[in-house]
Amino acid sequence: MKRGEIAELAGSCGLGAWTGLSVLTMVVVGHEGIPLFADADLLSWSVGHRPGTAVAVARWVTATGTGVVPYALVVLAALMAGRTPRQRALAAALCLSCLGAGQALRYTLMALVGRPRPPLTDWATHASGWAFPSGHTTTAALTAGLLIIAVRVRGPRAGTPLTVVIGCWGALVGLTRVYLGVHWFTDVVGGWLFAAGWLGLCLWAVARWLPERMTPGATNSETVPAAGTAMAAAAGTSSARRTAEPPGGTAGRITGGRSATVPKQTDAARQRREDHAPDDPGRRGRSRPA
C-alpha cells in the first residue's frame, strides 16, 4: 500500500475506535461504574471455573502484559521493521514513545472515569488502581499491534501465521483479566478500543509526516526513484541520438548561403567506376575493355 492509503486507513480505524471508546466511556460514567451488559455473568462463570492449572496459566499470561516484557517486545518490533541501523534506532524511539505515551494517556482516562473493580472476594491475582480501561489489556494490545505492523513491514506475505499468534496473545491477555476476576469485561473492551484508537493515530502521523527515506522498511532503491528515472531517461535520449545519425556521417559545405551535402566516396566505389566503360561512349570516346 502507498503511504497515503496507509494514512487514510489508519486514520479511519483510529477515528472509529475513538468513537466507540467515547460512547462506552459515557455509558460507564452514566451508570456510575456498575456492571454493564454481560459483565456480571462473565465474572460469575469465571469464578465457577477455576481449576488450579488454568489459574496458573492465566496468571503467567497476564504477567506478560505489564512490566518489562511489553517494552522489550516493542524494541524487538523496531529491530524487525528497520533495515539499517538508523532506521532501527528511529523505529525503536517511535515504538517506545507510542507505548509510553499511550500508557500515560490511559492512566489519565482511568483516573477521570474512576470505575471500581469487581468485588475483592472474586480476585485470583493482585491488582491496583481503577478498572476502566484495563491497563494490562491496553498495554498488550498496543504491543501486539506494533509487533504485527513490524511483521507486515518485514515480510508482507510470509508473516500471516505469526500475525495470528501475536493477535491471539494480545487478546488473551485481556481475557485473563476477566477470568482472574480483577476486571469487568467492559473494562477489557475499553482497553482494546483505546489501543486501536491510539495505534491508529500514531500510524497515521508516521505515514503522513515521517520522511520516506527514514520510514522503517524502506530501501535505498525506494528512496531515490527520481534519480534512477532521470538517469534512465538520459541514457535513452543518448541512444536515440546515436541511432538517428547516419553511419558514415555527413560533411556540410556552405555555398552562397546554402548548405550542400557531399557524400563520402569509398575506395571500392572509385575502383568500380574505373573498371567499367563510360555511360555515353559516343561523347567521351571509344570504350576500352574492362
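Placed above this text is the structure.
In this text, all values refer to a predicted model and were calculated from it rather than measured experimentally.

### Some thoughts on the overall build of the protein chain
Inference 1: Within the protein chain, the regular secondary structure consists of 12 helices and 2 strands.
Inference 2: For the protein chain, buried positions account for 33% of its 290 residues.
Inference 3: Counting only contacts in the protein chain whose residues sit at least 6 apart along the sequence, the fraction spanning at least 24 positions is 76%.
Inference 4: Working note: accessible area of the protein chain is about 17,700 Å², and carbon and sulfur atoms make up 64% of it.

### Some points on the side chain of Arg177
Inference 1: Position of Arg177 relative to the elements: it lies in helix α7 (residues 160-179).
Inference 2: Put simply, Arg177 is tucked away with no salt bridge, and the nearest opposite charge, on Asp187, sits 9.0 Å away.
Inference 3: Once you skip the residues sitting within four places of it in the chain, Arg177 turns out to touch Thr62, Arg117, Thr125, His126, Ala127, Ser134, His136, Thr137, Val182, His183 and Val188.

### Structural notes on the packing of aromatic side chains
Inference 1: Per the counting criterion, the structure on display carries 2 aromatic pairs.
Inference 2: With 5.5 Å between their ring centres and 85 degrees between their planes, Trp18 and Phe194 make a pair best called edge-to-face. Of this pair, Trp18 sits in helix α1 (residues 3-30) while Phe194 sits in helix α8 (residues 185-209), and the two are 176 residues apart along the sequence.
Inference 3: Residue Trp18 is classed as partly exposed on the basis of its relative accessible area of 24%.
Inference 4: The exposure class of Phe194 is buried, given its relative accessible area of 1%.
Inference 5: Residues Phe185 and Trp192 carry aromatic rings whose centres are separated by 6.4 Å and whose planes lie at 85 degrees to one another, so their mutual orientation is edge-to-face.
Inference 6: In this structure Phe185 comes out as partly exposed when scored by relative accessible area, which is 28%.
Inference 7: Here the basic side chain of Arg106 rests over the ring of Tyr107, its NZ or CZ set 4.2 Å away from the ring centre.

### Here's the deal with the nonpolar core
Inference 1: Of all hydrophobic cores here, the largest spans 22 residues; its most connected members are Val28, Cys98, Phe132, Leu142, Leu146 and Trp198.
Inference 2: The set of elements that each furnish at least two residues to this core consists of α1, α4 (68-81), α5 (85-113), α6 (135-154) and α8.
Inference 3: Aside from chain neighbours lying at most four places away, what touches Trp198 is Trp18, Cys98, Ala101, Gly102, Leu105 and Leu142.

### Focus: unusual backbone geometry
Backbone phi values are negative for most residues with the exception of glycine, while trans is the configuration of most peptide bonds.
Inference 1: Residue Pro133 is reached from Phe132 by a cis peptide bond, and omega for that bond is -10 degrees.
Inference 2: Summarising the element assignment, Pro133 is placed in the loop between α5 and α6.
Inference 3: Of note in the backbone geometry, Glu32 takes a positive phi value of approximately 55 degrees without being a glycine.
Inference 4: Along the chain, Glu32 falls in the loop between α1 and α2 (39-48).
Inference 5: On the basis of relative accessible area, Glu32 is assigned to the exposed category, the value being 71%.
Inference 6: The phi dihedral of Phe37 falls on the positive side, at around 50 degrees, and the residue is not glycine.
Inference 7: Residue placement: Phe37 occurs in the loop between α1 and α2.

### A word on α1
Inference 1: Under the 1.5 Å per step criterion, the end-to-end length of α1 is 40 Å for 28 residues, consistent within 8% with the ideal 40 Å.
Inference 2: Turning to α1, its buried residues are Ala7, Ala10, Gly14, Ala17, Leu21, Leu24, Thr25 and Val28.
Inference 3: Among the structural elements, α5 and α8 are those in contact with the buried residues of α1.
Inference 4: Within two residues after α1, Glu32 carries a phi angle of roughly 55 degrees, on the positive side.

What counts, and where the lines are drawn
In every chain, residue numbers begin from 1 and rise along the written sequence. Side-chain atom pairs in this predicted model are given and counted only at pLDDT of 80 or more, local residue features only at pLDDT of at least 70, and totals for whole chains, interfaces and linings cover all residues. Excluding hydrogens and water, the side-chain figures rest on all heavy atoms present in the structure. Going along the chain from the N terminus, every DSSP run of H or I of four or more residues is numbered as a helix, and every run of E of two or more is numbered as a strand. Partly exposed residues are those whose accessible area sits between 20% and 50% of the maximum for their type, while under 20% is buried and over 50% is exposed, using a 1.4 Å probe and protein chains only. Note on contacts: a residue pair qualifies if any of its non-hydrogen atoms lie within 4.5 Å across the two residues. Under the convention used here, a 1.4 Å probe and the Shrake-Rupley method define accessible areas, while residue burial counts only the protein chains that appear. Only four residue types enter the charge count, namely Lys and Arg as positive and Asp and Glu as negative; His and the chain termini do not. The salt bridge criterion pairs a side-chain nitrogen of Lys or Arg with a carboxyl oxygen of Asp or Glu, the two atoms within 4 Å. We call Phe, Tyr and Trp rings a pair once their centres come within 6.5 Å, taking the six-membered ring for Trp, and we label the pair stacked below 30 degrees between planes, edge-to-face above 60, and tilted otherwise. Only when the NZ of Lys or the CZ of Arg is both within 6 Å of the ring centre and within 35 degrees of the ring normal is a charge said to sit over the ring. Working definition of a nonpolar core: buried Ala, Val, Leu, Ile, Met, Phe, Trp, Tyr and Cys residues. They are joined through side-chain atoms within 4.5 Å. Multiplying 1.5 Å by the residue count of a helix minus one yields the expected span of that helix.

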